[in-house]
Number of protein chains: 2
Amino acid sequence: MMSTWEEKVHKVTPYTPGEQPKNQDVIKLNTNENPYPPAPAVKKILDSVDYEALRKYPDPAAAGLIGALSDTYGVPRDQIFVGVGSDDVLAMSFLTFFTSGEKILFPDVTYSFYDVWADEFRIPFDTVPLKEDFSIDVDGFCKGTAGGIVIPNPNAPTGLDAGVDALEQIIRTNPQCVVIIDEAYVDFGAKSVLPLIDKYDNLLVTQTFSKSRALAGSRIGFAFGSKKLIKYLNDVKFSFNSYTMDYITQQVGMASLSDPDYFRMRCLEIINERERAKKEFTRLGFDFPDSKSNFLFVHHQSKSACDIFAALRENNIFVRHFDGERVHDHLRVTIGTKEQMNALFDFLEKYLKED
Amino acid sequence: MMSTWEEKVHKVTPYTPGEQPKNQDVIKLNTNENPYPPAPAVKKILDSVDYEALRKYPDPAAAGLIGALSDTYGVPRDQIFVGVGSDDVLAMSFLTFFTSGEKILFPDVTYSFYDVWADEFRIPFDTVPLKEDFSIDVDGFCKGTAGGIVIPNPNAPTGLDAGVDALEQIIRTNPQCVVIIDEAYVDFGAKSVLPLIDKYDNLLVTQTFSKSRALAGSRIGFAFGSKKLIKYLNDVKFSFNSYTMDYITQQVGMASLSDPDYFRMRCLEIINERERAKKEFTRLGFDFPDSKSNFLFVHHQSKSACDIFAALRENNIFVRHFDGERVHDHLRVTIGTKEQMNALFDFLEKYLKED
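Along each chain, numbering runs from 1 in the same order as the chain's sequence is written. In the order they appear in the text, chains get letters beginning with A and ligands get numbers beginning with 1. The predicted origin of the model limits local features to residues at a pLDDT of at least 70 and limits the giving and counting of side-chain atom pairs to 80 or more, whereas totals for whole chains, interfaces and linings rest on all residues. Side-chain descriptors were evaluated using all non-hydrogen atoms of the structure, hydrogens and water having been removed beforehand.

K.L.:
Would you take a moment to explain the pattern of salt bridges for this structure?
P.N.:
Residue and element names in this part refer to chain A. Note on definitions: salt bridges are taken to be side-chain nitrogens of Lys or Arg within 4 Å of carboxyl oxygens of Asp or Glu. Applying the stated rule across the entire model yields 34 salt bridges over all chains. One salt bridge in this structure joins Lys28 and Glu33, with 2.7 Å as the shortest N-O distance. Glu33 shares its class with Lys28; the two are buried. Salt-bridge contacts for Lys103 lead to Asp126; the nearest nitrogen and oxygen are separated by 3.6 Å. Pair noted here: Lys103 is in the loop between helix H3 (85–97) and strand E3 (104–107) and Asp126 is in strand E4 (residues 125–128), with a separation of 23 residues, a long-range link. Throughout this description, buried means an accessible area under 20% of the type-specific maximum (1.4 Å probe, protein chains only), exposed means over 50%, and partly exposed covers the range between. By relative accessible area, which is 45% here, Lys103 ends up partly exposed. When its relative accessible area of 35% is taken as the criterion, Asp126 is described as partly exposed. Salt bridges linked by common partners bring Arg274, Glu275, Lys278 and Asp290 together as one network. Only runs of H or I of at least four residues qualify as helices and only runs of E of at least two qualify as strands under DSSP, and these elements are numbered from the N terminus.

Following this line, the structure appears as structure tokens:
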């Protein structure tokens, strides 16, 4: 029989992104979005952006945005990479650094896209189980034989911060591969490993505008690393798609960086609300890892996560529930505004009493 | 000796995008951009876009934009795919459809990214030489043994339209693989193969907002195909990056589609200017394939392309010159406004007389 085009297709199991409810009355604590708007400077730039400039290709090097990141973080321009969200930065990094055929490592409970990319790019991998308390098993990452390592810090969905010393140990003991520390949530209280990029040329630090800068809708991710790492990453990126970040998004990113006070204020509001939430959840009979992120990974002493999830959902409060042996009795709750969190706790108080 | 992370890097030769001059006085006829602004509706949407919505993730399915494309082109939603520019759509298509290990085919003189992606994704390929007159060698594509086929129509940088009948012959004789017709320039006078997508389930038609809709700065590409093709493409796309098209870009795309009269008017202006340019170039001693795109691929009977290129550049008129045996004595000139083209012809007239 003749061969068909369909036999040649690279078939994958599609990934399902977190639900985006159409109903506007929903309290949306399920996708780790920032409950506050982006910096007012973003509104200003949108009001004044030169729409005629859209007829021209954007700057493929995103020099303006790279310059603003350089100023903000005190890192030279040639040590900064930008992409269409952290996911783009991470996918390009996997393609660039993890193709030796040797197994890469990441935690068993972690960001759900790592194994998707590994499968997609045919990269073999092993997972290193988190310890019983959900903390990173540092020794498990320090064998010095991995083809690559990626660890989020704080980790998701646990929210735990491994600390700079533990991460430095992992980076130092793995000079044979690139170590990616995915700091999507670092601005909510953990310490960044950014100062280590000049000490270890195998360290790539990735961050995003989606969480702490309230710009999930704009898709801006970035990475810091040694000049060599960033050059390799750019070479692959430019042979993949030269013009990924559009003109307006570059402007929006620069506007966001122009207001560091607003940024710090909003991060602090979320941190304060998270600390209050810890007390409320404890009072209501929940336990959780001590999160340094904008979410809490909660487990109730008597009620099942599935039941609580369903009850919340019925009352238009969306949180995230994951399948998987170690996590299925937990819920990931994004820190919202004080009003949203009060509505959550009011409901939980009544719901848990009723039973 | 110990292995280093650098041995594991996937090293590629970086691609160099067309030059974007900083000088605003330049007459920029080198990157096939539209000389006119996008539809006024784009300005309106930017003035009124809800900036607070940026804190939330964009719709990963881009349902609004897909709906507007569906209405505009009369194609069901599940037969439409969108991406961050044609390049993203094409790269995803290569990853999805061209990974059988069998050689894919494209013309020897064509869009310069096809062989870059093939190398990047380790896809073996052969090129089918254009005929002496730069037209597509249809028979060369009709052997029925390819692992995949990609042909731009009109072709770049020649501008030639192969015609629907020739393309249908290629699609019909290659049921064993996906055939991509890259219609980036189709709105400037060629006929689209879009009506064939229901007849051949191996046909993918890609288009872009970058040229005819004057939105190169926004990065919007799209594709039409059978439901099966589009589903496979989405599965790979969602396992790569769920949120590639940002919120504002989706709004901009919808706004552009909302004004079909403006779109047609601007396309017609460019077509008319191209036809006038053909007469002027002929008068000045140039010959060229009979372009149906927004550029002309010109060759002078006595002056070398390199000399003309350098003289134009010195006078702040940028056109595109490619290396390569068959094309190095041609220049690709984007069709600009009447004023820009008059400046070009005034200069050429003087320059060619002087010699």
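There is more to say, and it comes next.
K.L.:
What is the right way to read the sheet that holds E4 of chain A from this model?
P.N.:
Either a parallel or an antiparallel arrangement is found when strands of a sheet pair, and the pairing is made through backbone hydrogen bonds. Residues and elements named next belong to chain A. Taken in spatial order, the seven strands of this open sheet run E2-E8-E7-E6-E5-E3-E4, and their pairing is mixed. With one partner strand each, in any of the chains shown, strand E2 (80–83) and E4 form the two edges of the open sheet. Strand-to-strand twist in this sheet, taken as the mean axis angle between neighbours without regard to direction, amounts to 20 degrees. Should DSSP find at least two bridges between two strands, the strands are taken to pair. Of the pairings in the sheet, the one linking strand E7 (residues 203–208) to strand E8 (residues 221–224) comprises four bridges and is antiparallel in character. Following the sheet pairing, Thr206 is matched in E8 by Ala223. For helices, the axis comes from a line fit to the C-alpha atoms of the stretch in contact; other axes are also lines fit to C-alpha atoms, and the angle between any two N-to-C directions lies between 0 and 180 degrees.

K.L.:
Explain the packing of helix H1 (residues 40–48) of chain B against helix H7 (residues 247–257) of chain B here, please?
P.N.:
Angle between the axes and distance between the axes: these two values describe a pair of packed helices. All names here are of chain B. Relative orientation of the contacting elements H1 and H7 amounts to 145 degrees, with a least axis distance of 8 Å. When you trace H1 past H7, the crossing you get is right-handed. Here Ala41, Val42, Ile45 and Leu46 of H1 lie close against H7, whose contacting residues are Ile248, Gln251, Val252, Ala255 and Ser256. Per-class residue counts for the contact of H1 with H7 are seven nonpolar, two polar and no charged. By definition, any crossing whose near helix is turned counterclockwise from its far helix by less than a right angle is left-handed, and any crossing with a clockwise turn is right-handed. It only takes one pair of heavy atoms within 4.5 Å for two residues to be counted as in contact. Gly counts as polar in this scheme, as do all residues outside two lists: the nonpolar Ala, Val, Leu, Ile, Met, Phe, Trp, Tyr, Cys and Pro, and the charged Asp, Glu, Lys and Arg.

K.L.:
Which parts of the structure should I look at to understand the side chain of Glu120 of chain A?
P.N.:
Looking at the secondary structure, you find Glu120 of chain A in helix H4 (residues 114–120). The side chain of Glu120 of chain A is buried and forms no salt bridge, while Arg122 of chain A, the nearest opposite charge, is found at 6.6 Å. Apart from residues no more than four positions distant in its own chain, Glu120 of chain A is found in contact with His10 and Val12 of chain A together with Leu95, Val236, Ser239 and Phe240 of chain B. Charged residues are defined here as Lys and Arg on the positive side and Asp and Glu on the negative side; His and the ends of the chain fall outside this count.

K.L.:
In this structure, what is going on with the environment of Leu105 of chain B? I would like to understand it.
P.N.:
Residue and element names in this part refer to chain B. Inspection of the secondary structure puts Leu105 in strand E3 (residues 104–107). Along the backbone, Leu105 and Thr244 are 139 residues apart, and their C-alpha atoms lie at a distance of 28 Å. Setting aside chain neighbours within four positions, we find Leu105 in contact with Asp126, Val128, Gly140, Phe141, Ala146, Gly148, Ile149 and Val150.

K.L.:
What am I meant to see in the interface of chain A and chain B here?
P.N.:
The parts lose accessible area when they come together, and the size of an interface is often stated as this lost area. Listed per partner, the contact involves 89 residues of chain A and 89 residues of chain B. Carbon and sulfur atoms supply 59% of the area that chain A and chain B bury against each other, a total of about 7400 Å² over both sides. The interface formed by chain A and chain B includes four salt bridges. Salt-bridge contacts for Lys228 of chain B lead to Glu6 of chain A; the nearest nitrogen and oxygen are separated by 2.8 Å. In protein, a polar contact means a hydrogen-donor-capable atom and an acceptor-capable atom, both N or O and within 3.5 Å, with residues adjacent in sequence counting only if both atoms are side-chain atoms; elsewhere, any N or O pair within 3.5 Å suffices. Where chain A packs against chain B, one counts 39 residue pairs in polar contact (both at pLDDT 80 or more). Elements supplying a minimum of two residues to the side of chain A that touches chain B: helix H1 (40–48), H3, H4, helix H6 (227–240) and helix H7 (247–257) of chain A. No other element matches H6 of chain A, which puts eight residues into the side of chain A that touches chain B. Split by residue class, the side of chain A that touches chain B holds 47 nonpolar, 22 polar and 20 charged. Once two parts are put together, the accessible area they lose, assessed with a 1.4 Å probe and summed over both, is termed the buried area.

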